[in-house]
Amino acid sequence: MQKKIFLSIIFFIFSFYQVSKSEIIYGEALVIDGDTIKISNNKIRLFGIDAPEKKQMCKKIFLSISFFSFEKEYPCGVISTQKLKKLLNKNITKCYVKGKDVYKRKLAICFRNRLNINSWLVRNGHAVAYKKYSKKYLREEVEAKNDKRGIWQGNFEMPWDWRKNVKR
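Residues numbered from 1 in each chain as written. Predicted model: local features only at pLDDT ≥ 70, side-chain atom pairs only at ≥ 80, totals over all residues. Heavy atoms only, no water.

J.: What exactly am I supposed to notice about the pattern of salt bridges here?
T.: Think of it this way: side chains of opposite charge can pair up when their charged atoms draw near. All told, the structure shown has ten salt bridges when counted by the stated rule. Note that Arg 149 is salt-bridged to Glu 143, the shortest N-O span being 3.1 Å. By relative accessible area, which is 24% here, Arg 149 ends up partly exposed. Through salt bridges with shared partners, a single ionic network connects Asp 35, Arg 45, Asp 50, Glu 53 and Arg 163. (Salt bridge = Lys/Arg side-chain N within 4 Å of Asp/Glu carboxyl O. Buried < 20%, exposed > 50% of the residue type's maximum accessible area, 1.4 Å probe, protein only.)

Following this line, the structure appears as structure tokens:
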């Protein structure tokens, strides 16, 4: 019994130490694209989400007549970037670093005041849940899709597929 209590205490102390030493970055953010920002010299990739790339185009219906629909392309990657810029708008952004990606960018969940920026982007259809790395924002994606917000109002290629298929 004493051994279990001792191990529980050690586990609690270790867990507390891990949480307390996680990196927090805050300051005015420079928006790179719809899922990447820079604060001071820290390039930060928003954890658990993937936004359309700057050059990525999406389609949406602009006219429906009877059972005919006409789509037009629009720059969804540019719009995603603009929406993030407008959201942050020179406010202090606070990011909780969760690790690094393969490009050595810090992966983080970021906030403007108490608003979770990652969640907001997915919930409003300006990004999707990056299911390969996290299931954290699946609920927000379903909500955006059901309400046809942002990119969900038309057709688009998932950002990871677009990057894979784009001619370089």
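J.: What exactly am I supposed to notice about the packing of aromatic side chains here?
T.: For any pair of aromatic rings, geometry is given as the distance between the ring centres together with the angle between the planes. Enumeration over the complete set of coordinates arrives at four aromatic pairs. Judged by centre distance (5.4 Å) and plane angle (5°), the rings of Tyr 130 and Trp 160 are stacked. Note that Tyr 130 is positioned in the loop between strand S11 (128-129) and helix H4 (138-146) and Trp 160 in helix H5 (residues 159-165), a separation of 30 residues in sequence. With relative accessibility at 13%, the residue Tyr 130 sits in the buried group. The class for Trp 160 is partly exposed, based on a relative accessible area of 25%. Judged by centre distance (4.8 Å) and plane angle (85°), the rings of Trp 152 and Phe 156 are edge-to-face. Residue placement shows Lys 60 over the ring face of Tyr 74; its charged tip is 4.7 Å from the ring centre. The ring centre of Phe 47 lies 5.1 Å from the NZ or CZ of Lys 98, which sits over that ring. (Phe/Tyr/Trp six-rings, centres within 6.5 Å; stacked < 30°, edge-to-face > 60°. Helix = DSSP H or I, 4+ residues; strand = E, 2+ residues; numbered from the N terminus. Lys NZ or Arg CZ within 6 Å of the ring centre and 35° of its normal.)

J.: What exactly am I supposed to notice about the side chain of Lys 106 here?
T.: Relative to the assigned elements, Lys 106 resides in strand S9 (residues 106-112). Sequence-distant contacts of Lys 106, that is, excluding residues within four places in its chain, are made with Glu 23, Ile 25, Asn 42, Lys 43, Ile 44, Arg 45, Val 97, Gly 99 and Lys 100. (Contact = heavy atoms within 4.5 Å.)

J.: Sorry if this is basic, but what is going on with the side chain of Asp 101 here?
T.: Within the secondary structure, Asp 101 is located in the loop between strand S8 (92-100) and S9. In this structure the side chain of Asp 101 is engaged in a polar contact, spanning 2.7 Å, whose partner is the side chain of Arg 105. Ignoring any residue separated from it by four or fewer positions in sequence, one finds Asp 101 in contact with Arg 45 and Leu 107. (Polar contact = N/O pair within 3.5 Å; in protein donor to acceptor, adjacent residues only side chain to side chain.)

J.: Is there a simple way to explain unusual backbone geometry in this structure?
T.: Trans is the common state for peptide bonds, and a negative phi is the common state for residues other than glycine. Here the phi dihedral of Lys 90 falls at roughly 65°; this positive angle occurs in a residue that is not glycine. For Lys 90, the position within the fold is in the loop between helix H2 (76-88) and S8. Unlike most non-glycine residues, Asn 113 shows phi in positive territory, near 55°. Inspection of the secondary structure puts Asn 113 in the loop between S9 and strand S10 (115-116).

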